[in-house]
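Below, each chain spelled out in residue letters.
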Amino acid sequence: MARTVGVLIAEARQLLNDEVPISGLPRYADDELVAALNEGLLQVRSKRPDAWLRYGLRTATPVYALPADANKEFPIEDQFYSPLLFYVVGRSELTEDTFADDGRAVTLMSKFAAMLLKHTG
Amino acid sequence: MASTTTIGDTPPVSPAVGDAWWDSVEGQLYVWFNDGTSSQWVPASNQPGAAGPSGPAGVPGPTGQSVVAIGDVPPANPQPGDTWWDGISGQLYIWVDDGTSQQWVIAVNQLGPEGPPGPRGPKGDSYSGGPGGPLLPTPELASDLPGLCNGSLETLYDQVQLQIPGVTTDNVKLQAWRAIFSFYTSSTYRREHVFWRMDPGVATLSFDPWDAHWRVCRFLGFRGLSKPKFEPPGRVRDLSYPIPDTTRSGEVILALRPDCIDAPLGDDAWAMWFDTFLAGTLSRLFMQPGKPYSDAQMGKLQALMFRHGVVQARAHVQSGYITEGVSWSFPYYAGGRQ
């Protein structure tokens, strides 16, 4: 399965246990999740500029929107896919919500930073 | 009878046996050859053979005809298109006028970059036992694993990414290129010896770029002008005033550097200096701050290994590529306990 923006958002929704029910609306709208992804890309840009060598270090970081960009390929190397997935989930959990889990949010946000910056071997 | 050499996009008409044609489109030298039944143009592959006894310089041909000369020294007063087979190095040169200067340039066909490895062939039938009885199954050799033969860029990238998880491919490529570039500029590992000629009224010689992949890095030796001015990277200007109306000639030794990452480095570079390229790449990556793999100590160690390789390469090329190798100590344990 190709790693695309839409697939990443779908996986984030699975981790958030927020898949679209038969009736009713999900807790997190696509716009909210994709906004978290766009912010995560900015974080990667500042923490790991080497991820953007091919895309262009002096090229504006992409800003995605759904559903228009659902099939756009993940713009950087695969090794940054999981950290960004954790970032999207963690940042979404930070939202003040009855079902939000602050502890999980902090864990995932920390994991995102650790995967980008720390030697885990 | 002297053979003639023609330069052009199309072969000359009515060639004689032994005539040469330099295809200016393909950059290929051909010789008109008669094999007893037919005549055709065959590529002059310019393979250096065993050095034969040195012969006298060839006799210049009549005016207007190119001359193929064989000898230890270049022929005097060559004309554009003349070729000279250096009896010492086994190298074929051609006298070229590029509009501003004239010089002997190597008539060699550069190999293109190595293509990607082909797909693995189908597995053969298993051995079912011969007349001598069944054999134990032979373990399959990992012959399809890249990097088991002499190095290449892909092997270098693989080695780096094996040792540094989390590094991006583009970053590896960037630092590998810097390491290879630094290796050639610091060690002057690739050197070229050129005999040049400057025509009356001409004041500059330019050796840069050397070819599509290599640029001149620096001058290592020069002879032939009383007042030369060296203009980096590869131009020489005669400061004599007025500009002499005589022909000047001499020789120069140039150090070359690759112009881009796809420059063919040659099998000797990969075979002998692969670990140096690797150390240079690793040192640059370890020294980068704020990465999961940042490690100043490892960076210093790899940088030391890289510098050691550069020094070795420089000594190797300065000795004319003839060295016995690195000095080594007899293992201490082989002498027995004291």
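To be clear, the structure that these remarks concern was listed above.
None of the values given here were measured: they were computed from a predicted structure. (Residues numbered from 1 in each chain as written. Chains lettered and ligands numbered in written order. Predicted model: local features only at pLDDT ≥ 70, side-chain atom pairs only at ≥ 80, totals over all residues. Heavy atoms only, no water.)

1. Considering the interface of chain B and chain A
The accessible area lost on association of the parts is a frequent measure of interface size. Counting from both sides, the interface comprises 12 residues of chain B and, opposite them, 14 residues of chain A. Summing both sides of the interface, chain B and chain A together bury roughly 990 Å²; the carbon and sulfur share of this comes to 46%. It is B:Thr168, B:Asp170 and B:Pro292 that lose the most area in chain B upon contact with chain A, and together they represent 54% of the buried surface on that side. At the junction of chain B with chain A, the criterion picks out 1 salt bridge. With a closest N to O distance of 2.7 Å, A:Arg54 and B:Asp170 form a salt bridge. The interface formed by chain B and chain A contains 5 residue pairs in polar contact (both at pLDDT 80 or more). (Contact = heavy atoms within 4.5 Å. Buried area = accessible area lost by both parts, 1.4 Å probe. Salt bridge = Lys/Arg side-chain N within 4 Å of Asp/Glu carboxyl O. Polar contact = N/O pair within 3.5 Å; in protein donor to acceptor, adjacent residues only side chain to side chain.)

2. Here we look at the packing of aromatic side chains
As enumerated under the stated definition, the model contains 22 aromatic pairs over all chains in all. Taken together, the ring pairs in this structure connect B:Phe183, B:Tyr184, B:Tyr189, B:Trp214, B:Trp270, B:Trp273, B:Phe274, B:Phe277 and B:Tyr321 into an aromatic cluster. Positioned above the aromatic ring of A:Trp52 is the side chain of A:Arg45, whose terminal nitrogen or guanidinium carbon lies 5.7 Å from the ring centre. One Lys or Arg, B:Arg284, reaches over the ring of B:Phe306 and ends 5.4 Å from the middle of that ring. (Phe/Tyr/Trp six-rings, centres within 6.5 Å; stacked < 30°, edge-to-face > 60°. Lys NZ or Arg CZ within 6 Å of the ring centre and 35° of its normal.)

3. Thoughts on the pattern of salt bridges
For the structure shown, the criterion picks out 18 salt bridges over all chains. Between A:Arg13 and A:Asp18 there is a salt bridge, with its nearest N and O atoms 3.2 Å apart. The partner of A:Glu39 in a salt bridge is A:Arg91, with the nearest N and O atoms 3.1 Å apart. Here A:Arg91 lies in helix H3 (residues 81-93) and A:Glu39 lies in helix H2 (residues 30-47), a separation of 52 residues in the sequence. Residue class for A:Arg91 comes out partly exposed when judged on its relative accessible area of 27%. Members of the salt-bridge network, linked through shared partners, are B:Asp208, B:Arg215, B:Arg257 and B:Asp259. (Helix = DSSP H or I, 4+ residues; strand = E, 2+ residues; numbered from the N terminus. Buried < 20%, exposed > 50% of the residue type's maximum accessible area, 1.4 Å probe, protein only.)

4. Remarks on unusual backbone geometry
The amide bond that connects A:Leu66 to the next residue, A:Pro67, takes the cis arrangement and shows omega of 5°. Relative to the helices and strands, A:Pro67 resides in the loop between H2 and H3. For the peptide bond that leads from B:Pro232 to B:Pro233, omega is 0°, which places it in the cis range. Topologically, B:Pro233 is positioned in the loop between strand E12 (228-231) and strand E13 (235-238). A positive phi is found at B:Asn77, a non-glycine position, where the angle reads about 50°.

5. Side note on the packing of H2(A) against H3(A)
Residues and elements named next belong to chain A. H3 packs onto H2 with a crossing angle of 125° between their chain directions and a minimal axis gap of 9 Å. Put simply, H2 runs oblique to H3. Pair H2 / H3 crosses with right-handed handedness. Side by side, H2 and H3 meet where Glu32, Leu33, Ala36, Leu37, Glu39, Gly40, Leu41, Gln43 and Val44 of the first sit next to Leu84, Tyr87, Val88, Arg91 and Ser92 of the second. (Axes fitted to C-alpha atoms, helices over the stretch in contact; angles between N-to-C directions. Parallel < 35°, antiparallel > 145°, perpendicular 65-115°, else oblique. Left-handed = near helix turned anticlockwise from the far one by under 90°.)

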